[in-house]
Amino acid sequence: MYENILVPTDGSDDAERGIEHAMDLAEDHGAHLHVLFVVDETVYGTTPAFSSYEAFLEEIADEAEDLVEDVVEAATERGIESTTSVLRGLPHEVILEYADDHDIDLVVMGKRGAAGVEAPHMGSVTDRVIRAAAVPVVPI
């Protein structure tokens, strides 16, 4: 039923739950798992601790690479083929574009991200993806 499953992550607890669910589905369906981290350039506005904005974004991207590689390692242990990407831009736009460009059948993502609030509602990125996606989205 599913050949390509996308799981965006930001390292949050909800994203981790999404990763586990996406791996379960990928394992059950023999699907390829796409692990995506989007460096949100709007969230990381100005940071005086770094000499340049670009250096700061590169630091975030390096940390993101480590995070997605950990997911690949866990997927490989379960016999799941996977691909990783660390991209920059507005998260919901990048997620939707990635899904279209890679023939994604299903998106599994956390209800709230790392910047989420402690409330019962969904985060804005998840909400935007659900509203605009051409494929089913499972919020975890």
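Refer to the preceding data block for the structure.
Since the structure is predicted, the reported quantities are computational estimates derived from the model, not experimental observations. (Residues numbered from 1 in each chain as written. Predicted model: local features only at pLDDT ≥ 70, side-chain atom pairs only at ≥ 80, totals over all residues. Heavy atoms only, no water.)

A. Just the nonpolar core, in detail. Core analysis: the largest hydrophobic core is formed by 25 residues, its most contacted members being Ile5, Leu33, Phe37, Val39 and Val86. Listed by contribution, the elements that provide at least two residues to this core are β1 (4-8), α1 (13-29), β2 (32-39), α2 (53-77) and β4 (106-109). With eight residues, the single largest contributor to this core is α2. Ranked by size, the runner-up nonpolar core spans 13 residues in total, among them Val94, Tyr98, Val107 and Val129. (Core = buried A, V, L, I, M, F, W, Y, C linked by side-chain atoms within 4.5 Å. Buried < 20%, exposed > 50% of the residue type's maximum accessible area, 1.4 Å probe, protein only. Helix = DSSP H or I, 4+ residues; strand = E, 2+ residues; numbered from the N terminus.)

B. Structural context of the pairing of β4. Every second residue of β4 is oriented toward a common face, with Leu106 and Val108 on one face and Val107 and Met109 on the other, all of them buried. Inspection of the sheet shows β1 paired to β4 by two bridges, in the parallel sense. Each bridged residue has a counterpart across the sheet, and for Ile5 the counterpart in β4 is Leu106. (Pairing = 2+ DSSP bridges.)

C. Region of the structure containing the sheet that holds strand β3 (residues 82-88). Read from one edge to the other, the open sheet built from five strands follows the order β3-β2-β1-β4-β5, with strand pairing classed as parallel. Each having just a single partner strand, β3 and β5 (137-139) make up the two edges of the open sheet. Across the sheet, the axes of successive neighbouring strands diverge by a mean angle of 20°, strand direction being ignored. The sheet strands contacting helix α3 (residues 91-101) are β1, β2, β3 and β4, and the helix crosses β2 at an angle near 155°. (Axes fitted to C-alpha atoms, helices over the stretch in contact; angles between N-to-C directions. Contact = heavy atoms within 4.5 Å.)

D. Structural detail: a negative patch on the surface. Residues Asp13, Glu16, Glu59, Asp62, Glu63, Glu65, Asp66, Glu69, Asp70, Glu73 and Glu77 make up a contiguous surface patch of negative charge. For the negative patch, the elements supplying multiple residues, two or more each, are α1 and α2. Among the elements that line the negative patch, the one with the most residues is α2, at nine residues. Considering the arrangement of structural elements, one finds Glu59 in helix α2. (Patch = residues over 30% accessible without salt bridge, like charges linked within 9 Å, V, L, I, M, F, W, Y side chains within 5 Å. Areas by Shrake-Rupley, 256 points an atom, 1.4 Å probe, with all protein chains shown as cover. Salt bridge = Lys/Arg side-chain N within 4 Å of Asp/Glu carboxyl O. Lys, Arg positive; Asp, Glu negative; His and termini not counted. Charge placed at Lys NZ, Arg CZ, Asp CG, Glu CD.)

E. The pattern of salt bridges, seen in detail. Within the structure shown, the criterion is met by seven salt bridges. Across the salt bridge formed by Arg78 and Asp24, the nearest N and O atoms sit 2.5 Å from each other. In this pair, Arg78 sits in the loop between α2 and β3 while Asp24 sits in helix α1, placing the two residues 54 residues apart along the sequence. Accessibility expressed as a relative area gives 34% for Asp24, which makes it partly exposed. Through salt bridges that share partners, Glu20, Asp24, Glu27 and Arg78 make up one connected network.

F. Expanded view of unusual backbone geometry. Although it is not a glycine, Asp103 adopts a positive phi angle of roughly 50°. What makes Asp103 exposed here is its relative accessible area of 57%.

G. Just α2, in detail. Taking 1.5 Å of rise per residue, 25 residues should cover 36 Å, and α2 covers 37 Å from first to last C-alpha, within 8% of that figure. The set of residues buried in α2 consists of Phe56, Leu57, Ile60, Ala61, Ala64, Val68, Val71, Val72 and Ala75. Close packing links the buried residues of α2 with α1, β2 and β3. The positive-phi residue at the C-terminal boundary of α2 is Gly79, with phi of around 80°. (Expected span 1.5 Å × (residues − 1).)

H. Structural detail: the pairing of β1. The element β1 is largely enclosed, with a buried count of five among its five residues. Side chains Asn4, Leu6 and Pro8 of β1 all project onto a buried face; the interleaved residues Ile5 and Val7 project onto the opposite face, where all are buried too. Here β1 pairs with β2 via five bridges, running parallel. Bridge pairing in β2 links Asn4 to His32. With respect to chirality, the unit in which β1 leads through α1 into the neighbouring parallel β2 is right-handed. (Right-handed = clockwise from strand over helix to strand, strands pointing away.)

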